[in-house]
Amino acid sequence: MAVEFDPVAVARERFAGVPWSRYVAIGDSVTEGALGDPYPGYPDAGWAQMTADALRAVRPELEFHNLGERYLTTRQIRERQLDRALELRPDLVTIVGGGNDMLTDRFDPEGVEEDLEAMVAAAAGAGATVFTCTMFNIFSAGVMNDELVALLRPRYERLNEGVRAVAARHDVVFLDFARDPRTLDPDLYSADLQHANRRGHALTAELIVASLAEHAARRVGTAG
């Protein structure tokens, strides 16, 4: 069955060669990837696994370690996963978090930004290419009731401001999903209204693979 989003095909088309040998993903359930409704034609995997599989289509020996764990706040991701990630000596790291912070009674956007800053700085300082992103804009996709949108949208916007600020301070690969009209498609989301379905994960992986390919091409061009 043909699918709309195919990260493997994008990797084979865009990469002359994958420059990374060890990819580590850190984050919450969005990175863990186990939560999300199935969707016909798409693999039962999260975006991090799909991204790794796409990169392996070009570089089969690529190592992949997914440290993502559901329910974690950004502070918990930093405390539980950062040191382990660095011990693995990755040359590619994806760092995504903040969704669970939005749901706490006392949302601390400055604290979230501080923790993201620490993780990005540490991974980049260790020599890894770092990818991060804002969250999909589920609040404008027409799948959530108005009361919930009114409650969470201000937190969502403040969270994304912090992610953008961190990305602007570092040489990272960054995708601003919150401003991407493709994330307004209601057919990307699971029934729990917290996670993408498998089609949404595939779109995420496809866009990440494309952005990594652009980064790799720029790096080769600069070196040349």
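Check the entry above for the structure.
This section reports on the structure supplied with the text. (Residues numbered from 1 in each chain as written. Predicted model: local features only at pLDDT ≥ 70, side-chain atom pairs only at ≥ 80, totals over all residues. Heavy atoms only, no water.)

## What about the sheet that holds strand β3 (residues 92–96)?
- Within the open sheet, the five strands sit side by side as β2-β1-β3-β4-β5. Their pairing is parallel. Lying at the two open borders of the sheet, with one neighbouring strand each, are β2 (63–66) and β5 (173–175). Shown here is a sheet whose adjacent strand axes are inclined to one another by a mean of 15°, direction ignored.
- Sitting on the sheet, helix α4 (residues 74–87) touches β1 (22–27) and β3, and the angle it makes with β1 is about 170°. (Pairing = 2+ DSSP bridges. Helix = DSSP H or I, 4+ residues; strand = E, 2+ residues; numbered from the N terminus. Axes fitted to C-alpha atoms, helices over the stretch in contact; angles between N-to-C directions. Contact = heavy atoms within 4.5 Å.)

## Points about the packing of α4 against helix α6 (residues 109–125)
- Where α4 contacts α6, the axes come no closer than 10 Å and their chain directions differ by 10°. Taken as axis vectors, α4 and α6 run roughly parallel relative to one another. Here T74, R75, I77, R78, L82 and L86 of α4 come into contact with α6, specifically with V112, E114, D115, L116, A118, M119, A122 and A123.
- Counted by class, the contact of α4 with α6 contains nine nonpolar, one polar and four charged residues. (Parallel < 35°, antiparallel > 145°, perpendicular 65-115°, else oblique. Nonpolar A, V, L, I, M, F, W, Y, C, P; charged D, E, K, R; others polar.)

## Concerning the pattern of salt bridges
- Under the defined criterion, the tally for this structure stands at 18 salt bridges.
- One continuous salt-bridge network, built from bridges that share partners, spans E110, E113, E117, R158 and R169. (Salt bridge = Lys/Arg side-chain N within 4 Å of Asp/Glu carboxyl O.)

## A closer look at the pairing of strand β4 (residues 129–133)
- Burial runs high along β4: five of the five residues are buried.
- Taking every second residue as pointing to the same face, both faces of β4 are buried, with T129, F131 and C133 on one and V130 and T132 on the other.
- When β3 meets β4, the two strands line up parallel, connected through three bridges. Opposite T94, over in β4, you have F131 as the bridge partner.
- As defined by bridge partners, β4 adjoins β5 across three bridges and the pair is classed as parallel. Looking at the pairing, C133 lines up with L175 of β5. (Buried < 20%, exposed > 50% of the residue type's maximum accessible area, 1.4 Å probe, protein only.)

## Focus on α6
- Helix length check: α6, at 17 residues, gives a terminal C-alpha distance of 24 Å against a target of 24 Å (1.5 Å per residue), a fit within 8%.
- Of the residues making up α6, those classed as buried are P109, G111, V112, E113, D115, L116, M119, V120 and A123.
- Tucked inside the fold, the buried residues of α6 contact β1, α4, β3, α5 (99–102), β4 and α7 (146–168).
- Two residues or fewer after α6 comes G127, characterised by a positive phi angle close to 95°. (Expected span 1.5 Å × (residues − 1).)

## Here's the deal with the nonpolar core
- F15, W20, Y23, I26, I95, F139 and L212 are the most contacted members of the largest nonpolar core, which totals 70 residues.
- In terms of residue count, the dominant contributor to this core is helix α8 (residues 198–223) (10 residues).
- Each residue touching Y23, except ones within four places of it in the same chain, is listed here: W47, A48, T51, A52, L62, E63, F64, H65, L92 and T94. (Core = buried A, V, L, I, M, F, W, Y, C linked by side-chain atoms within 4.5 Å.)

## Considerations on the packing of helix α1 (residues 7–14) against helix α3 (residues 47–58)
- Axis separation between α1 and α3 bottoms out at 8 Å; the angle between their running directions is 40°. Where α1 crosses over α3, the handedness of that crossing is right-handed. When α1 is examined against α3, the residues P7, V8, A11 and R12 are found in contact with a partner set consisting of M50, D53, A54, A57 and V58.
- Partitioned by chemical class, the residues of the contact of α1 with α3 number seven nonpolar, no polar and two charged. (Left-handed = near helix turned anticlockwise from the far one by under 90°.)

## Thoughts on the packing of aromatic side chains
- In the structure shown here, the tally under the stated rule is six aromatic pairs.
- Ring geometry for F15 and W20: centres 6.1 Å apart, planes at 85°, overall edge-to-face.
- With relative accessibility at 7%, the residue F15 sits in the buried group.
- By relative accessible area, W20 is classed as buried at 1%. (Phe/Tyr/Trp six-rings, centres within 6.5 Å; stacked < 30°, edge-to-face > 60°.)

Coordinates in, geometry out; function isn't part of it.
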